[in-house]
2 protein chains.
Amino acid sequence: MRKLLLVVLSILICLPVAADEGMWLFNRPPRQLLQQRYGFTPTDAWLEHLQKSSIRFNSGGSGSFVSPNGLMITNHHVGLDCLQKLSTPQHDYVKTGYHARTNAEEVKCVDLELNVLMSIEDVTARVNSAVPPSMPAADAERARRGVMAAIEKESLDKTGLRSDVVTLFQGGEYHLYRSKKYTDVRLVFAPEVSIAFFGGDPDNFEYPRYDLDICLFRAYENGKPAHVENFLRFSTTGPSEGDLVFVSGHPGGTERLNTVAELELIRDVRLPLTLARLRRREVLLGSWAERSAENERRAHDELFGIKNSRKALLGELAGLQDPAVMQAKKAAEQDLRQRIAADPQMSAAYGDAWQAVESIVKRNRQTFVERSYLTGGAFNSVLFAYAIMTVRYVDEVQKPNAERLREFRESNLDSLRQQLFSEAPVYKDMETLNLADSLSDWMEAMPGDPMIDQVLAGKSPSQRAADLVKGTTLEAAAQRRRLVEGGKAAIEASQDSMIRLARLVDPRARALRTAYEQQIDEPRRQAYAKIANARFKILGGSNTYPDATFTLRLAFGTVKGYGGAGESFPWATAIAGAYQRAAEHDSHPPFDLPESWLAAKPKVNQSTKLDFVNTADIIGGNSGSPVVSRAGEFVGIIFDMNLPSLVFNFAYKEEDARAVAVHSAGIIEALRNVYGASDVLNELEGK
Amino acid sequence: MRKLLLVVLSILICLPVAADEGMWLFNRPPRQLLQQRYGFTPTDAWLEHLQKSSIRFNSGGSGSFVSPNGLMITNHHVGLDCLQKLSTPQHDYVKTGYHARTNAEEVKCVDLELNVLMSIEDVTARVNSAVPPSMPAADAERARRGVMAAIEKESLDKTGLRSDVVTLFQGGEYHLYRSKKYTDVRLVFAPEVSIAFFGGDPDNFEYPRYDLDICLFRAYENGKPAHVENFLRFSTTGPSEGDLVFVSGHPGGTERLNTVAELELIRDVRLPLTLARLRRREVLLGSWAERSAENERRAHDELFGIKNSRKALLGELAGLQDPAVMQAKKAAEQDLRQRIAADPQMSAAYGDAWQAVESIVKRNRQTFVERSYLTGGAFNSVLFAYAIMTVRYVDEVQKPNAERLREFRESNLDSLRQQLFSEAPVYKDMETLNLADSLSDWMEAMPGDPMIDQVLAGKSPSQRAADLVKGTTLEAAAQRRRLVEGGKAAIEASQDSMIRLARLVDPRARALRTAYEQQIDEPRRQAYAKIANARFKILGGSNTYPDATFTLRLAFGTVKGYGGAGESFPWATAIAGAYQRAAEHDSHPPFDLPESWLAAKPKVNQSTKLDFVNTADIIGGNSGSPVVSRAGEFVGIIFDMNLPSLVFNFAYKEEDARAVAVHSAGIIEALRNVYGASDVLNELEGK
C-alpha cells in the first residue's frame, strides 16, 4: 500500500490534469493535452468513428463493433450474465464455452440491451432554467426531474433514439445522450471460464495475468445480423511497448470531485456497510455453491460479481484509510477554497458550497442505514425486485411523465419492460437462501424496527423467506405481464406473497426515497454545481472532465510496465505464461487450463502476447472497452485493473497503476490454434 | 427453522428438566432422572471411573484415556492444533495423516496441556463470605478475585494439582476443581484430514455424515508413557439403535439461564459483531489460502476454526431471531418472576435481580464495541498476543497473588508460561495479512477514535501492519523468555515494535477490562446468584444443572435417528456411504476420499457403521468426548452436532437435535483394514 503515496494527488483539484489522467467526454476531448504529450490530435471523424463503434452493455460493461455485420466483442465476464441465463444443468456454457459456426447457431440472449451513443447535446441551461435558485428543495427536485423527463420524451418522440439526460460534474452540467438501442443480441463465441478467468479470485486485480477474457456477440435487427457503418478494424499484430493507446468505454462511476466530508461518509459508513454485506453474501453463497455442482452453476455469476466487488471496494477503502490520500485531498480542497475566498465575487457565488455539502452529508448519514436496507439490502431476491417493480410500474404509468419516479419516465419504459419481463431463470432455492439471510441481516442492523415485525409476520427470517418464495409465481414472466396489464385492480386483488410484501414495504421505501431525493440529492446537485463552476473558472472548462457516470468516455495512455529495482512488471505477458502458472499450481482450480488449451499446447505459438498493461484512466464499467491505436484499430480489450489502481475511484495516479487488457494478437492466436474458429477469424480479418 | 418451535422451551426455567436434557455436574449427577427414564443408577465408582478417564484439551476440546499406557483418543479437529504446529511445508501431517508404529516414533506436541479432573469441592460459602452484600462493586470484584486466587494457591500448594475455582450458575455457586495436568503429549495416530473432515464446511453440522474424526495421542510422564488407572475399555461392537449412552466432556459454554435482556444483547450486538468479524476473516484468509498450496497449509487450522464458528453462531443467531424461541424465553421468565412475586420473602430476596441485569446489560452495551476491539479484535496477531502477555506478565507477577489479573494468579502461572513460551511456528506473512485487516476493521468500527491514530502513527493499516510485523522478533520463544526474565527494565528498554505497541495499548485495554469486571461482571454475578437461588428454591437444587463453563459434565441420551414422513435421518451411517457420497460429487474436494481409503475399498467391510447420532445434550467443547455405554465402555466419540441443535446454547430440544459421533466399530474397521494399524488396535483391544 506504500505504493499509494499520492504525490500526484495534491495537485489534483487545483491544477489541470497531469499525466495520462482523465475519463474525457467525447464532446470535450483533451485535444490540447494529447497534442502536448503525444503530438496527436484526434480529428472529429476519428472521434465520431470511435464513438459509434463503442457499445454500452446495460448489464454493466462496454464493448465494440468489430465487423460490418454487427459482430461485437466484450469481456467474458461481461457476457457472463447472458451465458449464465442461457445455461441449464445440461448445457453449462460458462464452463464449456460456446462457438456458433453459423448464424443459425447464434443463440439469443435473454434480456440484454445494448446502446450505441449517436449524439450529445448540452442541455444544462434548459434544465437549470426550470429550477430557479430560490426554489425550495422539494419543488426544485420535482421541477428538475420534470424537465429532464420532458427533454427526454421530446427527444425520443423526435428521433426514436433512446434519450437520457445525464448529470455531469455532480450537477454542474446536464447533457442529453441519444443512443441507438439493440435488444436482439446473440451469442457467437465464448471460451471456457477457466481460461477467460484463469487464476480466479486470487489473480483478480493482479498482474501479470494470463486471461483470455473475451466474448463475441452479434447484434441483430429485424431478425437479421445488423449492418453497422462504424466498427473497429481488428489489428492482428496488436500494440507494442511504448505505444499510445485509447480506451473508449463506460466507466461506471468515480468520486474524485467529492468533498472531504463526502469522502469521510464513504469511508466510515458506505464502504464498511457495503463490504460487510458483500462478505456476508460471499460466505453464504460460497458455502451453498460448495454443496453441489448444480448449486455452483446457479451461483456462479452472482458469486463472481460479489467477489469482484469485494476486492475492488477493499482497494477503495484502503485508499481512503491511507492518511496520505486523505491529507492530499484535504490540502487540495483547502487550496481551492482559499483561491475562491481570495476573490470576493467567486466567494459570494461559490463560497458556501462546502459547508452545504457538509450539512447534506450529516443528513445523509442519519438515514443511510435504513435506506440501504429498505431500498434492497433487506430483500436480496430477484422475485422481490420483480414484485416491487411491478407494483410501482402500475402506480407510476398512470401519472404524468414529469411526475414519475425517474426510471419510469416515458423515454425509459421500453428498457424497463425489457428488464421486468425478462425470461431469465429464477432459482427458488437460491432465492430462499438469499432472502432469508438478508432478512436476518436487516434484523441485525435495525433491531426493534416495527417494519421488520410487519414483514416477518411472526416468523423467523428463514421460515418467512421460505413462505414468501413458495407463495409467489413471479418467476414466470407471463405472470408479471398479466399483473402489469391488469393494472391497479390486478395488483390489489393479487394474493401473490411477493406482491403483497412489495405493497407492504413500498410506502416506507418511497418515503425514504423522496426524502433522499429532495433533502439530499437535489441540494447536493446545487452545491456541487457551484464547486464545478468554480473549478471551471479556475481551471478552464476544457481542461477538466466530470466524474464517471456510466456514460461513454475517452481515456488514453501508454503501453508500459511498471515497478523498479525490487519487483518489475512487464508491459505484456505471453501465452507460455499461462501454461507455466498452471504448472506451478499443479493445475489446481482456479489455476486449471481447459482441455482445449492443454490439447492445443503443441500448436500454439508460446511467445504470442496474451495480456498487456497501459496507463489509461479506467474503472469498473470499462470492462470490455476496446483498446484502440492512433490508427483507430482494435488492438486489445480492457478486462481488469491492477491493485494499485483501485484508488482510481478517488484519484488517478500513474506510477504503478495500470489498466489490464487482452492483446489482440493473443485473441487471434487462440481463435486460430486453440479453437479453430476460422469463421470468426475471417470476419475479424475482414476476409 | 420451523423445526425450532420450542414447546419444550416454555417449561424450561420453571419445571425440572425433561427429556434427555442436561450438562450435569459430576458431583451432582441426575440419578433420579436416569432412574426414571432409563432404570439406570450410576454408582459412585462408575462415575469416578468415567470422570478420571475423561480429559480436557486446553486448546478447546475433550478426550479420554483408552489404554492403561496413557493412550488417548480425541477428534482430529481437536488434534488439528497440534498437527498444524508440527507440520512443515515438507511434512504436512494434516494432509497426509500420521502413524507412529513405535513409542519412538511418537512426536511431541508443541504446547498442548491436558487436564484430568481429580476432585470437586463446593467453596461457595467461602467465596461469598469474602464479599459481604453491602460491599461496593469495585471492592467486591477485587475481594472475590482475591479469595478465589487464595483458595486456588492453597490448593495447589497442598495437593500439587492444578486448582481452579469455577463459577457456576453465572455466580450462584463456586466450586474448586483439582486436575492432574499432562504437558508431555505425543502424537500416535491421525488419519488424513480428507476423511477426518470428509464433506468439509458444506457437511459441517449436517447429518448424515461419513467422517473418521479421530486422533490418538499418548500422555507421557518423566519421558515415559504415563500409566493411568482409569481408562475406558474400547467396545469393538459399539452401540445399537435405542441404546442409552453417556457423554463425558467439556461443553464450552451455554447461556440458557440468561435473562431475556441479556439474550437481546447477544442477538442484537454480540452475535452480529462476532459473525461479521468471522465472515471478514473467512473471506480474507480464504482468498489468501487460495493463492498457493503453502498458504493453504499455513491457514488450514485457523480457517477451519473460523468456518466452524461461523456456522455454529449462525445457528445460534437463527434461534434468537426466531420469535417462537424468544417468546418462550419471555414466558418462562415471566412465570418464574410471578412465582417469586407471589412469595413476599422470595420477592424481597430475589425480586430485583432481573431489573439489575437489565441495567447491567445497558451498561455492557455502551462499551461493548470498543472493548471487543481493544481486547483483541483490533489486533488479530499472534505476535501481538505474545507481546501483551509478556508486558502484563512482567507487571503482574510483581503484585501479590490476590491483586493480579485473574489469568496471572499463582496457581495458573505454569499453564500460562506453557502458552507464552510456545515453540509453535509463527507465519509472518499471515500475521501481516491478519493484522492489516483487523486494524482496518477497527478504523471502520470506531472512526475518529484517537487511540487508532496513535496506533497507526500516520500510516495506513496495511503499511503499519507490515512495519509492526517486520519490527518484532517475538516469533522466537527465546526472545519472549528473555524479556520476561529481564523484567520491567527489559520491557522498558525494548525497541521491539510489538512490545511497544502492547505498552501503548495496555493502559486503555486494562481500564476497559477493570470497568467491565467491576461494573458489569461482578454485579452480574450477584444478580444471577439471586436468580439461581430462587430457581433452586423452586426447582430443588439437584434437578438443575449450571450453564456450561468448559468444565467436565455428564450428558446422556438415546441412540436414535430423527425426522418423519418427509425426510428421515437414520440412527447411523455405514462406511459404504462415504464412497457413495464421494462418487456423487465426482470426488471434488471436500468430497474426495484419501488414497488410503480408495486403495482399501475392496478390503473394507462396507456395512460397518461409521457415524451415529444420539440425543445427548452437548455443545462446542464437547468435541472428542467419549460416548460411553451403561457398562462404562467407549462406544464412540462425539465430533459434531446437527443444524437443529445449534440452538442448544440457549435451550435444549430433543425432537430433531442430535449429537453426532464416530462409531467405535467404524474406528476399528478403519484402523484394521485401511491403515493396518495393528499396534494401535492391539492396545485398544487390550491385547
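Residues numbered from 1 in each chain as written. Chains lettered and ligands numbered in written order. Predicted model: local features only at pLDDT ≥ 70, side-chain atom pairs only at ≥ 80, totals over all residues. Heavy atoms only, no water.

## Considering the interface of chain A and chain B
Alright, step 1. Contacts between the two partners involve 36 residues from chain A, matched on the other side by 36 residues from chain B.
Alright, step 2. Between chain A and chain B the total buried area reaches about 3,200 Å² when both faces are included, carbon and sulfur atoms providing 52% of it.
Alright, step 3. Considering only the side of chain A, the residues that lose the most area to chain B are Arg279, Arg291 and Gln321 of chain A, jointly responsible for 21% of the buried surface there.
Alright, step 4. Across the contact surface, chain A and chain B share four salt bridges.
Alright, step 5. Glutamate 206 of chain A is the partner of arginine 291 of chain B in a salt bridge, and the nearest nitrogen-oxygen pair spans 3.6 Å.
Alright, step 6. Counting across the interface, chain A meets chain B through six residue pairs in polar contact (both at pLDDT 80 or more).
Alright, step 7. When residues of the side of chain A that touches chain B are traced back to their parent elements, those giving at least two are helix H8 (200–203), helix H9 (260–290), helix H10 (293–320), helix H16 (428–445) and helix H18 (461–470) of chain A.
Alright, step 8. Broken down by element, the side of chain A that touches chain B gets its largest block of residues, eight residues, from H9 of chain A.
Alright, step 9. For the side of chain A that touches chain B, the class distribution of residues is 11 nonpolar, nine polar and 16 charged. (Contact = heavy atoms within 4.5 Å. Buried area = accessible area lost by both parts, 1.4 Å probe. Salt bridge = Lys/Arg side-chain N within 4 Å of Asp/Glu carboxyl O. Polar contact = N/O pair within 3.5 Å; in protein donor to acceptor, adjacent residues only side chain to side chain. Helix = DSSP H or I, 4+ residues; strand = E, 2+ residues; numbered from the N terminus. Nonpolar A, V, L, I, M, F, W, Y, C, P; charged D, E, K, R; others polar.)

## Notes on the state of the cysteines
All names here are of chain A.
Alright, step 1. Within the structure shown, the criterion is met by two disulfides over all chains.
Alright, step 2. Paired through a disulfide, cysteine 82 and cysteine 109 show a sulfur-sulfur distance of 2.2 Å. Every disulfide takes its handedness from the sign of the S-S torsion; for cysteine 82 and cysteine 109 that torsion is -85°, giving left-handed. Taken as a pair, cysteine 82 in helix H3 (residues 76–86) and cysteine 109 in the loop between strand S6 (107–108) and strand S7 (114–122) lie far apart in primary sequence, 27 residues in all.
Alright, step 3. Just so you know, cysteine 215 is unpaired, no disulfide at all, and the nearest cysteine sulfur is the one on cysteine 82, 7.2 Å from it. (Disulfide = S-S within 2.5 Å.)

## Side note on the confidence of the model for chain A
Alright, step 1. Summing up the model confidence of chain A, the mean pLDDT is 94 and the portion of residues at 70 or higher is 97%.
Alright, step 2. Interface confidence for the predicted complex, expressed as ipTM, amounts to 0.91; the pTM equals 0.92. (pLDDT = per-residue confidence, 0-100.)

## A look at the relation of the copies chain A and chain B
Alright, step 1. Mapping chain A onto chain B leaves a residual RMSD of 0.0 Å; the transformation is a rotation of 180° accompanied by 0.0 Å of translation along its axis. In short, the pair behaves as if placed about a two-fold rotation axis.
Alright, step 2. Most of the interface of chain A is mirrored in chain B, where 100% of its interface residues again form contacts. (Least-squares fit on C-alpha atoms with pLDDT ≥ 70 in both.)

## Brief notes about the packing of aromatic side chains
Alright, step 1. On inspection of all chains with the given rule, the structure shows 40 aromatic pairs over all chains.
Alright, step 2. Ring geometry for phenylalanine 40 of chain A and tryptophan 46 of chain A: centres 5.5 Å apart, planes at 70°, overall edge-to-face.
Alright, step 3. Each ring, one from phenylalanine 234 of chain A and one from phenylalanine 634 of chain A, has its centre 4.7 Å from the other, and the planes form 20°; the classification is stacked. Taken as a pair, phenylalanine 234 of chain A in the loop between strand S12 (224–225) and strand S13 (244–249) and phenylalanine 634 of chain A in strand S20 (residues 634–641) lie far apart in primary sequence, 400 residues in all.
Alright, step 4. By relative accessible area, phenylalanine 234 of chain A is classed as buried at 8%.
Alright, step 5. Among the residues examined, phenylalanine 634 of chain A registers a relative accessible area of 0% and is labelled buried.
Alright, step 6. Members of the aromatic cluster, joined through ring pairs, are Phe40, Trp46 and Phe246 of chain A.
Alright, step 7. The aromatic ring of tyrosine 373 of chain B is capped on one face by arginine 277 of chain B, whose charged end is 4.5 Å from the ring centroid.
Alright, step 8. The lysine or arginine in question, arginine 480 of chain B, covers the ring of tyrosine 386 of chain B, its NZ or CZ lying 3.6 Å from the ring centre. (Phe/Tyr/Trp six-rings, centres within 6.5 Å; stacked < 30°, edge-to-face > 60°. Buried < 20%, exposed > 50% of the residue type's maximum accessible area, 1.4 Å probe, protein only. Lys NZ or Arg CZ within 6 Å of the ring centre and 35° of its normal.)

## Looking at the pairing of strand S13 (residues 244–249) of chain B
All names here are of chain B.
Alright, step 1. The buried fraction of S13 is high, at six of six residues.
Alright, step 2. Across the two faces of S13 the burial is the same, with Leu244, Phe246 and Ser248 and Val245, Val247 and Gly249 all buried.
Alright, step 3. Pairing of S13 with strand S19 (residues 626–628), which is carried by two bridges, proceeds in the antiparallel orientation. Looking at S19, one finds that phenylalanine 246 is bridged to valine 628. (Pairing = 2+ DSSP bridges.)

## Quick look at the pattern of salt bridges
Alright, step 1. All chains considered together, the criterion is met by 123 salt bridges over all chains.
Alright, step 2. Glutamate 294 of chain A is the partner of arginine 297 of chain A in a salt bridge, and the nearest nitrogen-oxygen pair spans 3.0 Å. Of this pair, arginine 297 of chain A and glutamate 294 of chain A both sit in helix H10, three residues apart, which is roughly one turn of the helix.
Alright, step 3. A residue is classified by how much of its surface remains accessible, and glutamate 294 of chain A, at 23% relative accessible area, is partly exposed.
Alright, step 4. For aspartate 201 of chain B, the salt bridge identified is with arginine 310 of chain B, shortest N-O distance 3.1 Å. Of this pair, aspartate 201 of chain B sits in helix H8 (residues 200–203) while arginine 310 of chain B is found in helix H10 (residues 293–320), placing the two residues 109 residues apart along the sequence.
Alright, step 5. In this structure aspartate 201 of chain B comes out as buried when scored by relative accessible area, which is 6%.
Alright, step 6. Among the charged side chains, a network of salt bridges with common partners joins Arg392, Asp395, Glu396, Lys399, Lys488, Asp506 and Arg510 of chain A.

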